[in-house]
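Below, each chain spelled out in residue letters.
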Amino acid sequence: MSQPHTSGVFGRWNAIPLWQKILAGLVLGLIVGLVFGPAAAKVKPIGTAFISGIKMLIVPLVFVSLVSGVTAMRDPAKMGRVGLKTIGLYLCTTAVAITIGLLLGSVLAPGAGVGMEAAKAVAPKAAPSLIDTLLGIIPTNPIAAMSTGNVLQVIVFAILLGLAINLSGEAGVKVRDGFDALAQVMYKLTAIVIWFAPFGVFALMAWTAGTYGLDLLLPLGMVIVAVYAGCLIHAFLVYGGALWAMGLNPLLFFKGVAEAAAVAFTTTSSSGTLPVTMTCVRKNLGVSQGVSGFVLPLGATINMDGTALYQGVCALFVAQVFGVTLSGGDYVTIILTATLASIGTAGVPGAGLIMLSLVLSTVGLPLEGVAIIAGIDRVLDMARTSLNVVGDAMVATVVAKSEGELSREVYAAGRDAVGELEDA
Ligand code: ASP
């Protein structure tokens, strides 16, 4: 596909790989934020514009790509297999992530020796029941679900509509072709918005570094170290190991998802990053449209390994700060609650912090802990959202490989085989 501009400033700009431009934006933003401090917040509107553009894509992209993902898997047995593999992998990796978080929280003991008194004892609160969670995802009005951005309900409607299209014979074929065409158009629109990513990433990074600075980050440094270390360990050991076990080179995978990880890092929204994740997974890793269209929108909504890991570290931090000893049963409760809570966590900035209060209260830990974490939550959100997004991409890649829906040539050659993302 031809570039819109092949010469002049635009031509030279388009010739630079997108990941390099995003990385440059990130580093430049950090420098500007640290040098100018709070004044750097002046560039935030550029970041807000980028986030708005990307948010604009979420509902139509999730809906259209899921419907066309389901209709691409006409065989009901295949659909069931892919669905089971996807959800099984999502739940297992999340449970492992929170266990890593708990281990790091115990070993690094970020809250040891702080010694604070809780204002009052907190009675354990029950997590929402499984039946309520399940009933809540059936949309009574799919249009309302779209207009309010209830992505889980949109997903349920899209999957059911896709199944109905598959079962509708002649009429279904026409609708399916229409959705396939619409999906192509949505991917193009995505490419247009992503073109602005380097500027958006620069502005968001400048604002974050300018607002939070290094001083504020140091006192809670150990929590930050634990969460960042945990995310790296999980990515390289668990994701790297899973890919390696499937006969795929993990380094090529990490190179292929770099843009999505960088956008997640600065936007702190896995739903917001979804358009970039989809483009990376299809164009750089060679995952088929059917598998990526099904696995990724689901993952951006229900799979949150980074968030679960963070909750493990933070729960132990709060217990240490307030001198509460957790029992073996408490650990199991934390693992179960955080895994289920991660399904209900929206892929938007700061959602994990709200869910943290649920996890803390189920084991009776003081909610003042949430306030302490809140000061550094943005910095933690950056790491956990990147892991959330990379985890979705890993599951899409592994499921595609196991279904014979991964192009080995594209995976082996990475982005070099298909040119730049702008070519999407
Ligand atoms: N910001 C995270 C995400 O979008 C959710 C969270 O706050 O943990 O993936």
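Check the entry above for the structure.
Only a predicted model underlies this, so the values are computations on that prediction, with no experimental measurement involved. (Residues numbered from 1 in each chain as written. Predicted model: local features only at pLDDT ≥ 70, side-chain atom pairs only at ≥ 80, totals over all residues. Heavy atoms only, no water.)

So, about the side chain of Lys78. On the secondary structure map, Lys78 appears in helix 4 (residues 76-108). When near neighbours in sequence (up to four residues on either side) are disregarded, Lys78 contacts Met73, Glu403 and Glu405. (Helix = DSSP H or I, 4+ residues; strand = E, 2+ residues; numbered from the N terminus. Contact = heavy atoms within 4.5 Å.)

Take the environment of Phe317 next. Within the element layout of this structure, Phe317 appears in helix 15 (residues 305-321). Separated by 215 residues in the primary sequence, Phe317 and Leu102 place their C-alpha atoms 9.5 Å from one another. Setting aside anything within four residues of it in sequence, one finds Phe317 in contact with Pro110, Gly111, Leu220, Val223, Ile372 and Ile373.

Turning to the side chain of Thr267, a few remarks are in order. Within the secondary structure, Thr267 sits in helix 12 (residues 258-267). Within polar-contact distance, the side chain of Thr267 engages the backbone oxygen of Val263 at 2.8 Å. Apart from residues lying up to four places away in sequence, Thr267 is in contact with Phe50, Ile51, Leu204, Thr273 and Pro349. (Polar contact = N/O pair within 3.5 Å; in protein donor to acceptor, adjacent residues only side chain to side chain.)

On to the packing of helix 3 (residues 44-72) against helix 13 (residues 270-283), then. Taken N-terminus to C-terminus, the directions of helix 3 and helix 13 make an angle of 65 degrees; their axes are 8 Å apart at the nearest point. As for how helix 3 packs across helix 13, the hand of that crossing is left-handed. Contact residues: Ile54, Leu57, Ile58, Leu61, Val62 and Ser65 in helix 3; Ser271, Gly272, Leu274, Pro275, Val276 and Met278 in helix 13. (Axes fitted to C-alpha atoms, helices over the stretch in contact; angles between N-to-C directions. Left-handed = near helix turned anticlockwise from the far one by under 90°.)

With that out of the way, let us pick up a nonpolar patch on the surface. A cluster of nonpolar side chains, Ile46, Met56, Leu189, Ile192, Phe196 and Phe199, forms an exposed patch at the surface whose accessible area comes to about 540 Å². Every element with two or more residues in the nonpolar patch is listed here: helix 3 and helix 8 (169-194). Inspection of the secondary structure puts Met56 in helix 3. According to the relative accessible area criterion, Met56 is partly exposed, its value standing at 48%. (Patch = residues over 30% accessible without salt bridge, like charges linked within 9 Å, V, L, I, M, F, W, Y side chains within 5 Å. Areas by Shrake-Rupley, 256 points an atom, 1.4 Å probe, with all protein chains shown as cover. Salt bridge = Lys/Arg side-chain N within 4 Å of Asp/Glu carboxyl O. Buried < 20%, exposed > 50% of the residue type's maximum accessible area, 1.4 Å probe, protein only.)

Further remarks concern the packing of aromatic side chains. What the rule picks out here adds up to seven aromatic pairs. Where Trp195 meets Phe196, the ring centres are 5.3 Å apart and the plane angle is 75 degrees; that geometry is what we call edge-to-face. You can call Phe196 partly exposed: its relative accessible area is 44%. Considering the side-chain rings of Phe253 and Phe254, the 5.3 Å spacing of their centres and the 70 degrees angle between planes classify their relative orientation as edge-to-face. Cluster of aromatic residues (ring-pair linked, three or more members): Trp13, Trp195, Phe196 and Phe199. The ring centre of Trp207 lies 4.2 Å from the NZ or CZ of Lys44, which sits over that ring. A cation over an aromatic ring shows up here: Arg384 above the ring of Tyr310, its NZ or CZ 3.9 Å from the ring centre. (Phe/Tyr/Trp six-rings, centres within 6.5 Å; stacked < 30°, edge-to-face > 60°. Lys NZ or Arg CZ within 6 Å of the ring centre and 35° of its normal.)

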